[in-house]
Amino acid sequence: MQKLLAYPLSVIYLLCFGLVLLIFHPIQWVCFNLFGYEAHKRSVSFLNFSLLNTTRLIGTRYTFRNSYQIPKNRPLIIVSNHQSMYDIPPLVWYLRAYHPKFVSKIELGKGIPSVSYNLRHGGSVLIDRKDSKQALREIAKLGIYIEKHKRSAVIFPEGTRSRNGHPRKFQPTGLKILLKKAPSALIIPISINGSWRLLKYGKFPNGLFSKFTLDIHEPIENKGNLDELIALTEEKVFSGITDFK
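Presented here is an overview of the structure given in this document. Because the structure is a prediction, the values reported are computed rather than measured. (Residues numbered from 1 in each chain as written. Predicted model: local features only at pLDDT ≥ 70, side-chain atom pairs only at ≥ 80, totals over all residues. Heavy atoms only, no water.)

Quick look at the side chain of threonine 60 now. Structurally, the position occupied by threonine 60 is in the loop between helix H2 (37-54) and strand S1 (61-65). Polar contacts involving the side chain of threonine 60 include one to the main-chain carbonyl oxygen of threonine 55, which spans 3.1 Å. Once you skip the residues sitting within four places of it in the chain, threonine 60 turns out to touch Thr55, Leu198, Ser210 and Phe212. (Helix = DSSP H or I, 4+ residues; strand = E, 2+ residues; numbered from the N terminus. Polar contact = N/O pair within 3.5 Å; in protein donor to acceptor, adjacent residues only side chain to side chain. Contact = heavy atoms within 4.5 Å.)

Attention now goes to a nonpolar patch on the surface. On the surface, a cluster of nonpolar side chains totalling about 760 Å² of accessible area is made up of Met1, Leu4, Tyr7, Val11, Leu14, Leu15 and Phe204. Residue class for leucine 4 comes out exposed when judged on its relative accessible area of 60%. (Patch = residues over 30% accessible without salt bridge, like charges linked within 9 Å, V, L, I, M, F, W, Y side chains within 5 Å. Areas by Shrake-Rupley, 256 points an atom, 1.4 Å probe, with all protein chains shown as cover. Salt bridge = Lys/Arg side-chain N within 4 Å of Asp/Glu carboxyl O. Buried < 20%, exposed > 50% of the residue type's maximum accessible area, 1.4 Å probe, protein only.)

Here we take up a positive patch on the surface. The grouping of Lys105, Arg129, Arg163, Arg168 and Lys203 at the surface amounts to a positive patch. By secondary structure assignment, the location of arginine 163 is in the loop between strand S5 (152-155) and helix H6 (173-181). (Lys, Arg positive; Asp, Glu negative; His and termini not counted. Charge placed at Lys NZ, Arg CZ, Asp CG, Glu CD.)

Regular strands show a simple pattern: their side chains alternate between the two faces of the sheet. A two-sided burial pattern is seen for S5, the buried positions comprising Ser152 and Val154 on one face and Ala153 and Ile155 on the other. As defined by bridge partners, strand S2 (residues 76-80) adjoins S5 across four bridges and the pair is classed as parallel. Bridged to valine 79 within S5 is isoleucine 155. Here strand S3 (residues 100-105) runs beside S5; their pairing, made up of three bridges, is parallel. The residue bridging phenylalanine 102 from the neighbouring strand is valine 154, located in S5. (Pairing = 2+ DSSP bridges.)

In structure tokens form, the structure reads like this:
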């Protein structure tokens, strides 16, 4: 019965989702080209707030939990598990004060209204997963960028999204490069639960009434031993993942 209900609700949701992307594309262009970085950043924050809220049409509920004071005057490396494309809007919105930039696959850099424009102009990097040298070079550029501008990089070290909520072992190379290029960055581990349930039937229809949670764990200082640091980060992220199929 729930899957049957998902069809009409998903149609409504996807129409609203697409409309938001179309509306914010020219808004981003105007903000970026006429008013600069800060205006563009605010437009991206409200784009993702709007995208997040369109998922409420299919019954999605969000909980964001953070018990820690996260500084705004230093670079951050935000490390999270990855369950679906729906991870992105809440991360951007709830962490908007920290100017999050993403490591994204190159295919997302063209053809998607609003999303592609932001990835190309907002400080994120686009990597070709078939070209490891290019990918590592772009990740290094992001590390240098956040170190210089005191902003944050978001990386999903699993390498690809989990389709059933069960985490995949970290692929440490990209994270290690960020840590080397942004040595003063504070590591922020995050556990995401429930995102994959929006795609539990596949791309269409969407799953209904998902409970989406984001839990921030205690930040970790970079004290030099990168292998131990990555292992500790992975342990913290995985400790908060409970929503398995």
